[in-house]
Amino acid sequence: MKLERSSPVTASRKSPSGILGFDEITGGGLPRGRTTLVAGGPGCGKTIFALQFLVNGAKEFGEPGIFVAFEEESRRITANAESFGWPLTQLRRSRLLFVDAQPKLDLTQSGDFDLCGMLAGLALQAKQIKARRIVFDALDMVLALLPDLAARRREVYRLHDWLMAHDLTCIFTLKSGVGEPTFTSPQPYGFMQFMVDCSVILSHSVVHGVSQRNLRVQKYRGSSFDENESPFVIGDTGFNVAISRILGQLDAKVTQERVSSGVKRLDTMLGGGYYRAATVLITGVPGTAKTTLSGAFAEAACRRGERTMIVSFDSDGSEVIRNLASVGIKLERFAKSRLLRVVSARTITGSAEACLVRIKALAVAHRARCLVIDPVSSLSNSGSEVRAHGVAERLIDWSKSDRITLVCTSLLNEIEGQAVGDSALHISTLADTWIHLNYLVQAGERNRGMSIIKSRGTAHSNQVRELILSNAGVTLADIFTAGGEVLMGTMRWEKESAERVAKEVSEVAGKLKLVTLDAQQAELQVRLKAVQTELVAKQVEKTLLASTTASRKAVTLRGSVRMRELRGGDAPRRK
Amino acid sequence: MTAASRQAMYKFRLFVAADTLNSAQAASNLHALCKAHLAGRHEIEVVDVFKDPKRALAEGVRMTPTLLKLSPGPVRRIVGTLADVARVMQTLGLDAEAA
């Protein structure tokens, strides 16, 4: 429980209620040793609020309490409260006392009276159990018997003084009409609003046919508090006040850890996957495989051994598992081993707030680390849009602070191309990653395209990819753009095969060319060798020729000299 | 009204809160009533809730002053100053007697 959140300084002046959300609103609980007025119409939860304050005090904070019932018999109150699982029987032995103070039916009244008798008895009982807290439930029942306003006022102040003297933290519950007191129509117990140190107003209204409960702290002497109306739900464990993050509250711890989206290429596109504890929004028109994509995430989470919960507003749990199995997402064994819980939320009725509380409770009970809500836009279907937005905000806030990775799908209106619930939920601005799925109708085909619209803190691919579902699973394919047009489906396939053929042809042609060139090179080399050989031969021939010419010249010269000598006619020529 | 009840002893127990105005008024109203209608056949026990809160608890007395008529007949409980004599007489079953 989130009980130790308040700082020790304020806690000493405040009495923690232990009611989810309420202690955050008031910064620690009700004013200690003072009186608090809880007012509201019938069925607002005044008694439950007051009783829970006592039960938590006795159970969690070691402050025994007394419950003074003026209207309902305490037996009935405890019987009703048993359904919240509070250990009343155990607490009643020593730490929780119920006092029946209903005016007796056979009582005759004659003239003015006071409440001293009750206070004398209570003083004794408070001493016996060392009570620190006290609740006067439906005080108006006994006040109504008093003859005039002055007497009522006197008794309330008597009570107030008595409480102060005994240092008890007190809650008065009081029925109030519709709306708040105004100057023109003061409420009969308006003076109490001024007397008490803290005033809490509970209301229960119907907005667009949906029940809506609100809690508002009207005043709190000597303390700051959240002044807005906060929706609340009376859930399985009692009161649950919805609060948004209050300024100054610690931020949730961030992490660099990535978790797989269940689709390998999508992980790559996102730079490794979704961030742990991130909120992922998948939008798209009906049938664009939003559920499938979120199912892939769930499967991947289960494979990692993380406890996962799928909340489906569209189909039953078993249907979800069967349908996802058709695209190779096998969740059945995880569901069997209870690692995965599939919840059909079609049966959850009530306001968006109530839905959120139920989902939270289920997720906490399942200890889910990964959560899929399909589609989250269903939340905005019930109740007012403003509320639904607050719900989405709190959903994300909660999942972040509990470090739950949340994948929501959201339906888009096909005709308008706008998110059905998105305008109400504004979840797209809050989500960390937004993946959009759409159809591309072309050449008589409808193909699924996927793009990442945003992904905070992550470099992500800007390209549209084609999402292909087969019984082997979910894959992403590159898409082709040709002449400014995006090709998908069979056109992409055709284009792909055409490219493949063209590539093969060009490869073959290349190889052929290489072979030809090799041959030519070899031929040239052979020719080069031949020519070189010939050149050598020629050179040899030329040398030979030169030498024979020289020797012949010499021989000829020598011959003519000899001839002349033989003839003896001429004198030998001198040079 | 039977003859028996006419003779019966009236037993009262009055729970008061110390000497608060309401309680003092109730006590004096009760004494006046008894003197007028039940002279010599009444008993009044006054219990101060502050001095004896256990008895107040045991009797389930929340509001003071509270008058209990213990006998004769069924126990009756009247809360307040007992200022409305006619109403008190009626509750105690004394109206017929007075008439």
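Calculation criteria
- Residues numbered from 1 in each chain as written.
- Chains lettered and ligands numbered in written order.
- Predicted model: local features only at pLDDT ≥ 70, side-chain atom pairs only at ≥ 80, totals over all residues.
- Heavy atoms only, no water.
- Helix = DSSP H or I, 4+ residues; strand = E, 2+ residues; numbered from the N terminus.
- Contact = heavy atoms within 4.5 Å.
- Areas by Shrake-Rupley, 256 points an atom, 1.4 Å probe, with all protein chains shown as cover.
- Buried area = accessible area lost by both parts, 1.4 Å probe.
- Salt bridge = Lys/Arg side-chain N within 4 Å of Asp/Glu carboxyl O.
- Polar contact = N/O pair within 3.5 Å; in protein donor to acceptor, adjacent residues only side chain to side chain.
- Nonpolar A, V, L, I, M, F, W, Y, C, P; charged D, E, K, R; others polar.
- Phe/Tyr/Trp six-rings, centres within 6.5 Å; stacked < 30°, edge-to-face > 60°.
- Buried < 20%, exposed > 50% of the residue type's maximum accessible area, 1.4 Å probe, protein only.
- Lys NZ or Arg CZ within 6 Å of the ring centre and 35° of its normal.
- Pairing = 2+ DSSP bridges.
- Axes fitted to C-alpha atoms, helices over the stretch in contact; angles between N-to-C directions.
- Expected span 1.5 Å × (residues − 1).
- pLDDT = per-residue confidence, 0-100.

1. Observations concerning the overall build of chain A
Tallying secondary structure elements over chain A gives 18 helices and 26 strands in all. Within chain A, residue pairs in contact and separated by at least 24 positions form 70% of the contacts whose partners lie at least 6 positions apart. Surface exposure of chain A reaches about 29,000 Å², of which carbon and sulfur atoms provide 55%.

2. Here we look at the interface of chain B and chain A
Each partner contributes residues to the interface: chain B has 25 residues there, and chain A has 25 residues. With both chains or domains summed, chain B and chain A bury close to 2,100 Å², and 59% of this area falls on carbon and sulfur atoms. The largest contributions to the chain B side of the interface with chain A come from Arg62(B), Met63(B) and Arg77(B), which together make up 32% of the buried area. Linking chain B to chain A there are zero salt bridges. Between chain B and chain A we count 16 residue pairs in polar contact (both at pLDDT 80 or more) in total. Listed by contribution, the elements that provide at least two residues to the side of chain B that touches chain A are α3 (53–59), β4 (76–79) and α4 (85–92) of chain B. Residues belonging to the side of chain B that touches chain A are distributed by class as follows: 13 nonpolar, seven polar and five charged.

3. Overview of the side chain of His160(A)
For His160(A), the position within the fold is in helix α8 (residues 149–166). Sequence-distant contacts of His160(A), defined by excluding residues within four places in its chain, comprise Thr35(A), Met195(A) and Asp197(A).

4. Side note on the packing of aromatic side chains
Residue and element names in this part refer to chain A. Taken as a whole, this structure holds 10 aromatic pairs over all chains when the rule is applied. Taken together, a centroid distance of 5.0 Å and an interplanar angle of 85° make the contact between Phe-22 and Phe-49 edge-to-face. Of this pair, Phe-22 sits in helix α2 (residues 22–26) while Phe-49 sits in helix α3 (residues 46–60), placing them 27 residues apart in sequence. In this pair, the class of Phe-22 matches that of Phe-49, namely buried. Ring centres of Phe-232 and Phe-239 lie 4.5 Å apart, and the angle between their planes is 15°; on these two criteria the pair is classed as stacked. Judged on exposure class, the residue Phe-232 and its partner Phe-239 are both buried. Through a chain of ring-to-ring contacts, the aromatic side chains of Phe-22, Phe-49, Phe-232 and Phe-239 assemble into a single cluster. One Lys or Arg, Arg-133, reaches over the ring of Phe-53 and ends 4.2 Å from the middle of that ring.

5. Things to note about the sheet that holds strand β7 (residues 133–137) of chain A
Residues and elements named next belong to chain A. Read across the sheet, nine strands follow the order β5-β4-β7-β8-β3-β9-β10-β11-β12 without closing on themselves; strand pairing throughout is mixed. The strands lining the two open edges of the sheet, one partner per strand, are β5 (96–100) and β12 (238–241). Averaged over all pairs of adjacent strands, the angle between strand axes in this sheet comes to 25°, irrespective of strand direction. Pairing geometry for strand β3 (residues 35–40) and strand β9 (residues 198–207), over five bridges, is parallel. When the bridges of β9 are listed, Gly-40 appears paired with Leu-202.

6. Topic: the sheet that holds strand β2 (residues 42–48) of chain B
The strand order across the open sheet built from five strands is β6(A)-β4(B)-β3(B)-β1(B)-β2(B), with neighbouring strands paired in mixed fashion. In this open sheet, the two edge strands, each paired with only one partner strand, are β6 (108–109) of chain A together with β2 of chain B. Inspection of the sheet shows β6(A) paired to β4(B) by two bridges, in the parallel sense. Considered in β4(B), the bridge of Gln109(A) is made with Val79(B). Along the sheet, helix α2 (residues 21–37) of chain B makes contact with β1 (10–16), β2 and β3 (66–71) of chain B, crossing β1(B) at roughly 165°. α4(B) rests against β6 of chain A together with β1, β3 and β4 of chain B of the sheet, and its axis sits at about 165° to β4(B).

7. What to know about α8(A)
All names here are of chain A. The end-to-end C-alpha separation of α8 is 26 Å, in line with the 26 Å expected for 18 residues at 1.5 Å each. Buried within α8 are the following residues: Ala-151, Arg-152, Glu-155, Val-156, Leu-159, His-160, Trp-162 and Leu-163. Where α8 is buried, its residues touch β3, α6 (116–129), β7, α7 (140–143), β8 (169–175) and α9 (190–195). Of the residues trailing α8, Asp-167 is marked for its positive phi of about 55°.

8. With respect to the confidence of the model for chain B
Taken residue by residue, chain B gives an average pLDDT of 84. The fraction at 70 or more is 89%. Per-element averaging of pLDDT across chain B places helix α1 (residues 3–7) of chain B at the bottom with 55 and β1(B) at the top with 92.

9. Structural notes on the pattern of salt bridges
All names here are of chain A. In this structure the tally under the stated criterion is 25 salt bridges over all chains. Salt-bridge contacts for Arg-154 lead to Asp-112; the nearest nitrogen and oxygen are separated by 2.8 Å. Of this pair, Arg-154 sits in helix α8 while Asp-112 sits in the loop between β6 and α6, and the two are 42 residues apart along the sequence. On the basis of relative accessibility, which here comes to 31%, the residue Arg-154 falls in the partly exposed class. A residue is classified by how much of its surface remains accessible, and Asp-112, at 18% relative accessible area, is buried. When the shortest N-O distance is used, the salt bridge between Arg-221 and Asp-197 registers 3.2 Å. Separated by 24 residues along the polypeptide, Arg-221 in the loop between β10 (210–220) and β11 (230–235) and Asp-197 in the loop between α9 and β9 bring together distant segments of the chain.

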